Structure formats: structure tokens, C-alpha cells
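Observations on the three-dimensional arrangement
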Amino acid sequence: MSLTRPQVEAIAHLARLEITEAQMPVYVDSLSRIIDFVEQLSAADTGGVEPMAHPLADQVQRLRADQVAETDQHEKYQQNAPAVAAGLYLVPKVIE
Amino acid sequence: MSLHTLTVAELAAGLAARRFSSLDLALHFLGRIERLAPELNAFVTVTADRALADARAADERLGRGEGGPLTGVPVAHKDIFCTDGILTTCASKMLSNFVAPYDATVVERWRAAGMVLLGKTNMDEFAMGSSNETSFYGPVRNPWDRARVPGGSSGGSAAAVAACLAPAATGTDTGGSIRQPAALTNLTGLKPTYGRVSRYGMIAFASSLDQGGVLTRSAEDAALLLGAMAGFDRRDSTSVDAPVPDYVAELGQPLKGVRVGVIREFFDQGLEPGVGKLVRDAIEALRLQGATVREVSLPALPLSVPTYYVVAPAECSSNLSRFDGVRFGHRCDSPRDLLDLYKRSRGEGFGDEVKRRIMTGTYVLSAGYYDAYYLKAQKVRQLIAADFERAFAEVDVVIGPTAPTPAFELGAKTSDPITMYLNDIYTIGANLAGLPAISIPCGFVQEAGKDLPVGLQLIGPHFSESRLLAVSHQYQQLTDWHRRVPNGYE
């Protein structure tokens, strides 16, 4: 196992994923296999190679003018929200 | 010939000649979907009312003489494309209640062209899978043998078109998700150049790799439909602002003189001999028509799968952070606090493979591991792209198999993620380098008394879709593999 259970628990926490007790050993095993598998990259000679940031070398990030271009459609968008009130998204109490 | 085995080009010609109406087509395909889609589990949502309304509108438009070449042709969209007012699930419990508030650009463009929406097709959850077994709505079955997978992640689109439930469908391809299912179901599957087709409204998996495309019965159909979906879109920041060629007009380019490079690394161990033989036969057929064939070597290409399984999960872990149980999607019952809401909503809403990839991505991006995994993978990705670039200095297209084996049985590869990941060993390179690639039918192997389709893959330089489509079209003038329909679906 390249990953330990505490490591996987820490990853799950960082990823904000609840993993059940029964599933935890399955993830420790499969994530270890994946990390072992991608480990073969370390043998590749990448001296002097620039990391690839974009699949098309000559493309640059396009910018637009900082102007309002969209109309307000919050009512339509909030129809998909689990809980809203007065146009606001509701979540459990954050500050006591 | 029945309506449902016709190509999009043939349907368009029939509509233009008034041999049938768009409503005739919609009713015919909806009838087949009702009868045959359940045994394949090809659709998540069938949009019958919408299809009939679209068809009536198309007929009126054609009647006024205002139709375009695709007006009235029925199609299906992979359920990863947002469709205004229609359930858009990405085959995930997370989005099982999500009604998209707008159309994806691809959906909008096909709609504007007058195409008729039959429904939304099943897929691997969030497009993560190579067998369509990770869907929240259950696996899709392959019409060539329902005990086998159709490939993934665009498995519902592939099964629907292969079984003649739709003349064509959209797909998305992050590591082979259009080409591999096309190969496993005897279809033509085109993944365009990165940036050629807008990603706006296409639910993101790995943004530097994702590209929308089509699954069709012929290269000619792929040319027609790509023309109607490609082009600049200001709403996608990586959309490329370059003119869209007339892909149909360029299908006639002859094979004579086309320089074809056979990828040595694609014929190594792991390739099933029967598949290899059919692919070599197809390459020989191209040579006999005047293409020049030579071998090319892309030495970094065997590292494409491990590279992909760092880059794609990293991007996925970032993209899927938006599903937080607050603004849309699944929310757990009675959360104790905000952290509990996030963790349980995501833990319940995502399936196992999606969680596995989010965690892989979280790990390779985490402090202390970023350089060893993510940065290293982005460097190897550069080596892979450079290999292709060197090859394209000498040849016009590179060629090989699409997948190492024909369709495999359901459940055969679900126990070990690595075994599943290796299905995409020949397709991932094109995504990493942003190149256009196509899979076309090149014959059948027999297994357990079943004919199973095999795909030939062509990969070209950036924006060489015309060339890929023309070579494929010329091959399809010589062969009729692409016109074969599975037993029971004729």
C-alpha cells in the first residue's frame, strides 16, 4: 500500500467527501493502486522540459471588457437550489 | 431501406425532397426508442413532447423554404450537455434533480439549425468511465451483444445510434469517450481539436482535455454535424477564434498522396491479435488507394495513461468542487453544520469512481506532492505532444487501433480501476496533445458466436478535421462496415 488509511482520511477531508467506514478500506486499496501506477512517470527524463499549460501552444487567455453583459436571472437559477429565501441560498448556521 | 438505418445526409435529402416529414421521423424514432431503448438503457430522459414540437416547427420552416440542410433531422444529446428546461443529470445522483436553466452552445446551435431533440442519453457518471457502468441510472448495454458494454463514457449515445434509435448523437471526449464507444459499437466517432467546439454548458470534467463531438453512421454525417456545432464562442474562454471550414465540401480530397504514419507503439503487447489484423487490413486498403504508408514511433506515448490519471483527476477535483449542496444538486438530509452539509451531500451525491478521481486529484495537487505528480505529468504531457509534432513533420495523419479489444462483458473490468483505465491506452494521447481524432468501423471479430465491431483510429495535427474526415469518407466509399446494423435492430 503506497497510501495509508490516515492519509486517505486526510484526502477525503480535504476533498469534502464523507466516506463510509465500510468503504474506507476499498478506497485505500484502489487509490494506492492508482498512485503506484502513476509512479512510473518518475522514471521519465523531463530535464529541461517546460510543463504544458495549454494544449494549443500559441493560445492566450482571452479577456473581455469589465462590463455587465448578462441579465439578472437569479430566480430561474435558484429553482435548482435545495433551500432559498428572499433570493438568498440557505445553509446551516455558520456564525453563532 | 428503413428510415432508421439511413444516415443524417440521407435523411436530410429525404426531407428536402419531401419524401417524409420531420414529424414522420420524430414519430418513427420515438416509437423505436419506446420499444428498444429500455433493454439497452440508452436514455436518461426521452423528450417526446419536445421532439414533436421541434418536428412540427421544422416542417413549417421547411414548408416556408427557410430550412437549412439539417432542419428536421432528429438527434440525441449526451446528458452532459445542458438543455434549457430539461433534466440534465450527467448520470449522477448529484444532478438527478437538476433542470438546466440554459442551453449549452452545442445544443443551441443544433437547435438553431432546426434539429429535433429526441432525448438525453445515458453515460458514465460525470463522463468518468470507459464502459458506461458508472452511471447512477445503471449500465448501458451494447446492441451488438447485450451482455457486453458499449464503451464509455458516451455509451448511451453510442448504443442509441448503433441500435438506430437516433441517426446521430453528441458525445464528449476527455480521454477517448467518443472514439472508444464508437469503436465498440461500429460507429464513426469524431473528437475535434481542443477549442474547436464550445465547452459552454458542457458539464466540466477535465477542462484542458474535454471536447465535444459526434457519434454518427458515417464520416459524411460527422462532417455535416461538426460544421453545425463548431466555431468561436465568447462564452468559452478556450474557444478558438478561427473560421470553420466547409467539412462536407472537403470530403472529396483523394487518398492519393496522403502520408499515413502507423504508430509503432499502438501494436505492442496488449493489442488483441484479431483487432490488430483488421486494423492492418484497413491500412493496407488505404495504401492500395494511393496513400503512402510508413511506420512512425512516438516513444513517450506509452506514458499517456499514467499522465492522464494525474492531469484529469487533478482538474476534476477542482471542477467538481462546485457541487457543494448549496446552489444546485443533491443536499443531504438535516446537516449538522456547513462542513457536514458539504461532506455528506458530496459523499452521497457522487458515485465510487467519481469519488476515487476527486481524491486522486486532491492528493496529486496537495502540498508536498504537487511537483512529484502534477508538475511531472504536465512535463511528460509536453513530451507526448512533442512526439506527435515530430511525427506530423513527416506524415499527414497517424493511424492505429482505437481500443485494444472489442467490447467486453459487463462487470469484467470493474474490480480493478487500472484494468479499466487501460482501455483508453490508444485514445488518451490525442486529448493530452489537444489533437483531433476519429474512430471508424474497420471490421468485426467473432467472440462467443457474436460479431463484435473493431475501430480504426486516425489522429491528425491541430485543426485537421477536414483531412481526417476526408480519409475516413474515402475509406467508407471502399467498405461497407459502417452500414452494418446489429441483429434485432435492422
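Everything numeric here is computed off the predicted structure, so don't read it as measured data. (Residues numbered from 1 in each chain as written. Chains lettered and ligands numbered in written order. Predicted model: local features only at pLDDT ≥ 70, side-chain atom pairs only at ≥ 80, totals over all residues.)

Looking now at the overall build of chain A. On a plain count of helices and strands, chain A comes out with three helices and two strands. For chain A, the succession of helices and strands along the chain, N to C, is α-α-α-β-β. C-alpha extents for chain A along the principal axes are approximately 55 × 50 × 25 Å. By the burial criterion, 19% of the 96 residues in chain A qualify as buried. (Helix = DSSP H or I, 4+ residues; strand = E, 2+ residues; numbered from the N terminus. Buried ≥ 20, exposed ≤ 12 C-beta atoms within 10 Å, placed from the backbone.)

The next subject is the overall build of chain B. When helices and strands are counted, chain B shows 15 helices and 11 strands. Projecting the C-alpha coordinates of chain B onto the three principal axes gives extents of approximately 65 × 50 × 50 Å. A fraction of 76% describes how many contacts in chain B between residues 6 or more apart in sequence connect residues 24 or more apart. (Contact = placed C-beta atoms within 7 Å.)

This next bit is on the interface of chain B and chain A. Taken residue by residue, the interface counts 52 residues in chain B and 41 residues in chain A. For the side of chain B that touches chain A, the secondary-structure elements that each account for two or more residues are α9 (304–319), α10 (338–349), α11 (352–365), α12 (371–392) and α13 (417–421) of chain B. Ranked by residue count, the leading element in the side of chain B that touches chain A is α12(B), at 11 residues. Among the residues making up the side of chain B that touches chain A, the classes are represented as 27 nonpolar, 14 polar and 11 charged. (Nonpolar A, V, L, I, M, F, W, Y, C, P; charged D, E, K, R; others polar.)

Turning next to the pairing of strand β3 (residues 116–121) of chain B. Residues and elements named next belong to chain B. Of all six residues that make up β3, six are buried, and the element is covered over most of its length. Relative to β3, strand β1 (residues 43–46) is paired through three bridges, and the arrangement is antiparallel. Residue V46 lies in a different strand from β3, and its bridge partner there is G119. The parallel pair strand β2 (residues 74–78) and β3 is bridged by helix α4 (residues 105–112), and the resulting crossover is right-handed. (Pairing = 2+ DSSP bridges. Right-handed = clockwise from strand over helix to strand, strands pointing away.)

Now for the pairing of strand β10 (residues 437–447) of chain B. Look at any regular strand and the pattern is simple: side chains alternate between the two faces of the sheet. Residue and element names in this part refer to chain B. Judged from the three bridges that link them, strand β5 (residues 188–191) and β10 form a sheet pairing that is antiparallel. Its bridge partner lying in β10, L190 is registered against I438. Here β10 runs beside strand β11 (residues 450–459); their pairing, made up of nine bridges, is antiparallel. Its bridge partner lying in β11, V445 is registered against L452.

Further remarks concern the packing of helix α1 (residues 5–14) of chain A against α11(B). The interhelical angle for the contact between α1(A) and α11(B), taken along N-to-C directions, is 100 degrees, at an axis separation of 9 Å. For the element pair α1(A) / α11(B), the angle class is roughly perpendicular. Between α1(A) and α11(B), the residues in contact are I11(A), A12(A) and L14(A) and M359(B), T362(B) and Y363(B), respectively. (Axes fitted to C-alpha atoms, helices over the stretch in contact; angles between N-to-C directions. Parallel < 35°, antiparallel > 145°, perpendicular 65-115°, else oblique.)

This brings us to helix α15 (residues 465–478) of chain B. Residues and elements named next belong to chain B. Between its terminal C-alpha atoms α15 stretches 20 Å, which fits the 20 Å expected from 14 residues at 1.5 Å a residue. In terms of burial, α15 is a largely internal element, 11 of the 14 residues being buried. Tucked inside the fold, the buried residues of α15 contact β5, α7 (219–229), α8 (273–288), β9 (397–401), β10 and β11. (Expected span 1.5 Å × (residues − 1).)

We now examine the nonpolar core. Ranked by size, the top nonpolar core spans 173 residues in total, and within it V75(B), V116(B), L118(B), A160(B), A166(B) and I384(B) carry the most contacts. Here this core takes nine residues from α12(B), the largest share from any one element. (Core = buried A, V, L, I, M, F, W, Y, C linked by C-beta atoms within 7 Å.)

Residue and element names in this part refer to chain B. Those residues of helix α1 (residues 8–16) lying buried are V8, A9, L11, A12 and L15. The arc that holds every buried residue of α1, seen down its axis, measures 160 degrees, which confines them to one face. Turning to α1, the residues buried within the fold contact α2 (22–40), α3 (48–63), β6 (212–216) and α7. Phi turns positive, to about 60 degrees, at R18, one or two residues after α1. (Arc of directions from axis to C-beta.)

Packed helices, taken two at a time, are described by the angle their axes make and the gap between the axes. All names here are of chain B. Taken N-terminus to C-terminus, the directions of α9 and α11 make an angle of 100 degrees; their axes are 7 Å apart at the nearest point. Relative to α11, the element α9 is oriented roughly perpendicular. Along the contact surface, α9 presents Y309, V310, P313, A314, C316 and S317, while α11 presents R357, I358, T360, G361, T362, V364 and L365. For the contact of α9 with α11, the class distribution of residues is eight nonpolar, four polar and one charged.

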